[in-house]
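# Notes for the structure review
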Amino acid sequence: MESSFLPPKWLRWATFLLLALFGLLFRLPQLGARPMHTDEAVNAYIVGQLLSGKAFIYDPLDRHGPLLAAVALPLARLQGAKAFSDLTESELRMTTVLAGSLTILLFGAAVEMFGFLPCLIAALLFAVAPLPVYYDRYFIHESLFVAATFGLILTGWRASKKPSAGQAALTAACAALMLANKETALLHFLALAVAAIVFWRWNLGGTSLSSLWRPKLILTAAAAFLLLSVMLFTWFGSNSKALAALLQAIPNFLVRAGGEGHQKPSWYYVQLLAGGWLGGVILTLACIGFFQIMRRRDRSAYGLLALYAVFLGALYSLIPYKTPWLALNLWLPITLFAGLAIESLWRILAAYPVPPIVLRTWCILVGALVAMLIAHDTRQLVFLHPADETNPYAYAHTSENLLGLPAEIERLARQNAVTVPRIAVIASDPWPLPWYLRHFPEVGFWQPGQQPGDVDFYITSTEAADQYGDQLRSFHPEFFGVRPNVLIVLWSHSPN
């Protein structure tokens, strides 16, 4: 599909650079205000270990790949962090803020593939809509993953049109970054591969693939993929066991796909994406754009993107394990389809004998209304109620009540003239407490049933507290909310 307007390159890049800068600035206010989610706290602890000089240890059981830490580490150092206790929420979340801004900028590189206006609209939706803004301010892997996925789509399409060693290596590098970010890259590789096969059979069945079958280019791509993947997973050669651990990721991934307490119905992502004052409108526009592509059996990049969206959406819907941030992967094709639908509607309106001033005025009014609705959703979900239980993006989120725990320990320590409080945390799942206790030098973590010895403060789960009745008899309990329906107990001596 040809775009009705294609500006000069300098104007295009200036436009998307300004949009990326706007998206960056839009994500910065109150960046450290929201409590750290458990997943953020785990990722922060990994960065803290790296700051102390330890190598990244890939854990296929309950962690993801090294890319997030590899990007966050130099950014943390640039901001002055030298240890885990130096890190702040804002410093860590700057990593994903920059990744989200990069995704907006990448739409400038996609103009030849998808058209200027659809890319402009998609970039605007990525810049201000609540879903990408919320998770770009979240120190988890998804924002980096979406940027790498978009890079793979762009470079892969260009490599298929103009094969070269450079394009092959760049495509493979994007794929390696996806894998080094999250193991779910395998689902995206599968969806893209099936989409490419169907696209070829459906649209290009009579075209020979001999132009793509170039052994040198395939070897170049394989070498680039393996080199970058091995370098990242082994943490630049310091952890050779990571490659063996990576082989265990697939069976562990299959087990986790069964749910592990995160089971959701197949329509979960549709319900999530259609939420808010404008979510349903954007989803409807995306459906219009999608059916327009499929009806025409589009041979452009839109045809491949539509098939990829179908197969990826089917995989995400059929797998019982679902979390809301995964919807960010679906947001990429949705915004482009919505942009295509808006461009088509514009062409239809422009064909009617309406004075240009009337058409422009109507578009300005509609655009202003849409901006107000998006601003309302983003303000409510991202800035006013980011950790509220009613917020669909705040999944098993840390309670704001927990923010008072460190201050309460400091207050009680002063009352009891304790200079360096000794703290024992007893819980089967202590996260995100390591993050909130990082400023206390003497903190230990024990599983229920273990004996931590005498300390100044105990922090226990409500279940573990019953096992330490005698030890806690002289301590006073104070309850703090960790997550919805999850409490911990701070045990302290009565003031002297």
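Below, the structure is looked at part by part. Numbering of residues starts from 1 in every chain and runs along the sequence as written. Under the rules for a predicted model, residues below a pLDDT of 70 receive no local features and side-chain atom pairs below 80 are neither given nor counted, while totals for whole chains, interfaces and linings still include all residues. As a rule here, side-chain values come from all non-hydrogen atoms in the structure, and water together with hydrogens is ignored.

### So, the packing of helix H8 (residues 142-161) against helix H10 (residues 185-203)
Note the threshold: Geometry is summarised by axes, namely lines fitted to C-alpha atoms with helices restricted to the contacting stretch, and by angles between N-to-C directions that run from 0 to 180 degrees. What counts as a helix is a DSSP run of H or I of at least four residues, what counts as a strand is a run of E of at least two, and both are numbered from the N terminus. Roughly parallel means an angle under 35 degrees; roughly antiparallel means over 145; roughly perpendicular covers 65 to 115; every other angle is labelled oblique. Crossings are sorted by hand: turned counterclockwise from the far helix by less than a right angle, the near helix makes the crossing left-handed, and turned clockwise it makes it right-handed. What makes two residues a contact is simply this: any of their non-hydrogen atoms within 4.5 Å.
Where H8 meets H10, the closest approach of the two axes is 12 Å, and the angle between their N-to-C directions is 25 degrees. Classified by the interaxial angle, the pair formed by H8 and H10 is roughly parallel. As H8 packs across H10, the resulting crossing turns out to be right-handed. Contact residues: H8 offers Phe145, Thr149, Leu152, Ile153 and Trp157, while H10 offers Ala185, His188, Phe189, Leu192 and Phe199.

### Thoughts on the packing of aromatic side chains
Under the convention used in this document: In this scheme Phe, Tyr and Trp rings, the latter by its six-membered ring, pair at centre separations within 6.5 Å, and the angle between planes marks the pair as stacked below 30 degrees, edge-to-face above 60, and tilted otherwise. Relative accessibility under 20% of the residue-type maximum defines a buried residue, over 50% an exposed one, and the middle range a partly exposed one, all with a 1.4 Å probe and only protein chains included.
Inspection of every chain in the model, using the stated rule, returns 26 aromatic pairs. For the ring pair Phe84 and Trp435, a centre distance of 5.9 Å and an interplane angle of 65 degrees mean the geometry is edge-to-face. Placement of the pair is Phe84 in the loop between helix H3 (67-78) and helix H4 (89-109) and Trp435 in helix H20 (residues 433-436), with a sequence separation of 351 residues. We classify Phe84 as buried; its relative accessible area is 15%. You can call Trp435 buried: its relative accessible area is 0%. Centroid distance Tyr138 to Trp325: 6.1 Å. Interplanar angle 35 degrees. Geometry classified as tilted. Placement of Tyr138 in the loop between helix H7 (130-136) and H8 and of Trp325 in the loop between helix H16 (301-318) and helix H17 (327-351) is noted, with a sequence separation of 187 residues between them. Assessed through its relative accessible area of 8%, Trp325 is described here as buried. What links up through ring pairs into an aromatic cluster is the set Tyr134, Tyr135, Tyr138, Trp325, Tyr393 and Tyr395.

### Points about the state of the cysteines
For clarity, the threshold we go by: Pairs of cysteine sulfur atoms within 2.5 Å are identified as disulfides in what follows.
In the structure shown here, the tally under the stated rule is 0 disulfides. Here Cys174 is not cross-linked by a disulfide; its sulfur's nearest cysteine counterpart is in Cys119, at 16 Å.

### Quick notes on the nonpolar core
Applied cut-off: Definition used in this section: a nonpolar core is a set of buried Ala, Val, Leu, Ile, Met, Phe, Trp, Tyr and Cys residues joined via side-chain atoms within 4.5 Å.
Counting residues in each nonpolar core, the largest one holds 144 residues, and the members touching the most others are Phe107, Phe114, Trp331, Leu405 and Ile459. If you look at the next biggest cluster of nonpolar residues, it comprises 11 residues, including Ile426, Tyr458, Phe475 and Trp491.

### Notes on the sheet that holds strand E2 (residues 443-446)
Put simply, the rule reads: Think of it this way: DSSP has to see at least two bridges between two strands before they count as a pair.
The strand order E2-E1-E3-E5-E4 describes an open sheet built from 5 strands, whose pairing is mixed. Where the open sheet ends on each side, the last strands, each with one partner, are E2 and strand E4 (475-483). If you compare each strand with its neighbour and ignore which way they point, the axes differ by 20 degrees on average. Pairing of strand E3 (residues 457-461) with strand E5 (residues 486-493), which is carried by 5 bridges, proceeds in the antiparallel orientation. Following the sheet pairing, Phe457 is matched in E5 by Ser492. Of the strands in this sheet, strand E1 (423-426), E3, E4 and E5 touch helix H19 (residues 404-415), which is tilted by about 10 degrees from E5.

### Thoughts on the side chain of Glu183
For the record, the criterion: Definition of a polar contact: a pair of N or O atoms within 3.5 Å, with one able to donate and the other able to accept a hydrogen when the atoms are protein atoms, and with sequence-neighbouring residues admitted only if both atoms are side-chain atoms.
Turning to its location among the elements, Glu183 is positioned in the loop between helix H9 (165-181) and H10. Within the local environment of Glu183, its side chain forms a polar contact with the side chain of His64, the two groups lying 2.9 Å apart. When neighbours within four sequence positions are excluded, Glu183 is seen to be in contact with Tyr58, Arg63, His64, Gly65 and Ala249.

### Regarding a nonpolar patch on the surface
As a reminder of what qualifies: Patch members must show over 30% relative accessible area and no salt bridge, and they are joined within 9 Å when carrying like charges or within 5 Å when they are nonpolar side chains of Val, Leu, Ile, Met, Phe, Trp or Tyr. Using the Shrake-Rupley algorithm and a 1.4 Å probe, accessible areas are obtained, with residue cover drawn only from the displayed protein chains. Definition used for salt bridges: Asp or Glu carboxyl oxygen within 4 Å of a side-chain nitrogen of Lys or Arg.
Residues Leu349, Trp362, Val366 and Val370 make up a contiguous nonpolar surface patch of roughly 310 Å² in combined accessible area. Among the elements that line the nonpolar patch, the one with the most residues is helix H18 (residues 356-384), at 3 residues. Along the chain, the position of Leu349 falls in helix H17. The partly exposed category is assigned to Leu349, whose relative accessible area is 30%.

Function cannot be inferred from these measures alone, as they are strictly geometric.
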